[in-house]
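Listed here are the chains, written in short residue letters.
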Amino acid sequence: MLVLFDVDGTLVDTAGAGRRAFVEVFGEMFRNAGVEEAALSVRFQGKTDPIIIDEIVHNLRIDANEFEDRRGEFWERYVEALGEILARPDPR
């Protein structure tokens, strides 16, 4: 596995793949109609994925304990969704 850190986006541009994966998985797991808006209202720059997730959970008003019970499942599905999204051709 290769892990890259590119704080300012000069080396890697994923065309919003992380945000799209978050929206997809939150939508599937929590059936919340406001997922896309909740994700769009979070600034991703300079934050780790766990912080971003916590902010989306807060914005969606998902019970923190309920999310904690499903955090492992969320991560598994997120990594899978991210891989699928990154494998799709994107003109950006």
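Note on numbering: residues in each chain are counted from 1, in written sequence order. Only residues with pLDDT of at least 70 get local features here, since the model is predicted, and only at 80 or more are side-chain atom pairs given and counted; chain-wide, interface and lining totals rely on the full set of residues. Side-chain measures here rest on the full set of heavy atoms in the structure, leaving out hydrogens and waters.

Chemist: Whenever I open this one, helix α3 (residues 49-60) confuses me. Can you help?
Modeler: In an α-helix there are 3.6 residues to a turn, and that puts residues three or four apart on one side. With 12 residues, α3 extends 16 Å from end C-alpha to end C-alpha; this agrees with the ideal 16 Å at 1.5 Å per step. If you follow the buried residues of α3, they end up packed against α1 (17-30), α2 (35-40) and α4 (64-87). Secondary structure follows DSSP: runs of H or I at least 4 residues long count as helices, runs of E at least 2 residues long count as strands, and numbering of each begins at the N terminus. R61 lies just past α3 and shows a positive phi near 60°. A helix is expected to span 1.5 Å for every residue after the first. By definition in these notes, contact holds between two residues if any of their heavy atoms fall within 4.5 Å.

Chemist: Just checking my understanding: could you explain the pattern of salt bridges for this structure?
Modeler: Two side chains of opposite charge can pair, provided their charged atoms sit close to one another. Any carboxyl oxygen of Asp or Glu that lies within 4 Å of a side-chain nitrogen of Lys or Arg is treated as forming a salt bridge with it. Within the structure shown, the criterion is met by 6 salt bridges. The partner of K47 in a salt bridge is E55, and the shortest N-O contact between them spans 2.9 Å. As a salt-bridge pair, R71 and D54 come within 2.9 Å of each other at their nearest N and O atoms. One end of the pair, R71, is in helix α4; the other, D54, is in helix α3, and 17 residues separate them in sequence. The buried label applies to any residue whose accessible area, calculated with a 1.4 Å probe on protein chains only, is under 20% of its type's maximum; exposed applies above 50%, and partly exposed to all values in between. For R71, a relative accessible area of 17% gives the class buried. We classify D54 as partly exposed; its relative accessible area is 40%.

Chemist: When you look at the nonpolar core in this model, what are you seeing that I'm missing?
Modeler: Soluble globular proteins tend to pack their nonpolar side chains together in the buried interior. The term nonpolar core refers to a set of buried residues drawn from Ala, Val, Leu, Ile, Met, Phe, Trp, Tyr and Cys, joined through side-chain atoms within 4.5 Å. One finds F22, F26, I56, F67 and F74 to be the most contacted residues of the largest nonpolar core, which totals 23 residues. Here this core gets 7 residues from one element, more than from any other, and that element is α1. Residues within four places of F26 in sequence aside, it is in contact with R31, V35, I53, I56, V57, L60, I62, F67 and F74.

Chemist: I tried to follow the packing of aromatic side chains on my own but got confused; where do I start?
Modeler: Aromatic ring pairs are defined here through the distance separating the ring centres and the angle between the ring planes. The aromatic pairing rule takes the rings of Phe, Tyr and Trp, using the six-membered ring of Trp, and pairs them if the centres are within 6.5 Å, calling planes under 30 degrees apart stacked, those over 60 edge-to-face and the rest tilted. One pass over the full model with this rule turns up 11 aromatic pairs. Between F26 and F67, the ring centres sit 5.9 Å apart and the planes meet at 20°, which makes this aromatic pair stacked. One end of the pair, F26, is in helix α1; the other, F67, is in helix α4, with 41 residues separating them in the sequence. Judged on exposure class, the residue F26 and its partner F67 are both buried. An aromatic cluster of three or more residues is present, and its members are F22, F26, F30, F44, F67, F74, W75 and Y78. Here, a charge over a ring is recorded when the distance from Lys NZ or Arg CZ to the ring centre is within 6 Å and its angle to the ring normal is within 35 degrees. Over the ring of F44 we find R19, and its NZ or CZ is 3.8 Å from the ring centre.

Chemist: Quick question: what am I supposed to make of the environment of A81 here?
Modeler: Among the secondary structure elements, A81 is positioned in helix α4. With 56 residues separating them along the chain, A81 and V25 place their C-alpha atoms 7.3 Å apart. When residues no more than four places from it in sequence are discounted, the contact partners of A81 are A21, E24 and V25.

These figures capture arrangement, not role.
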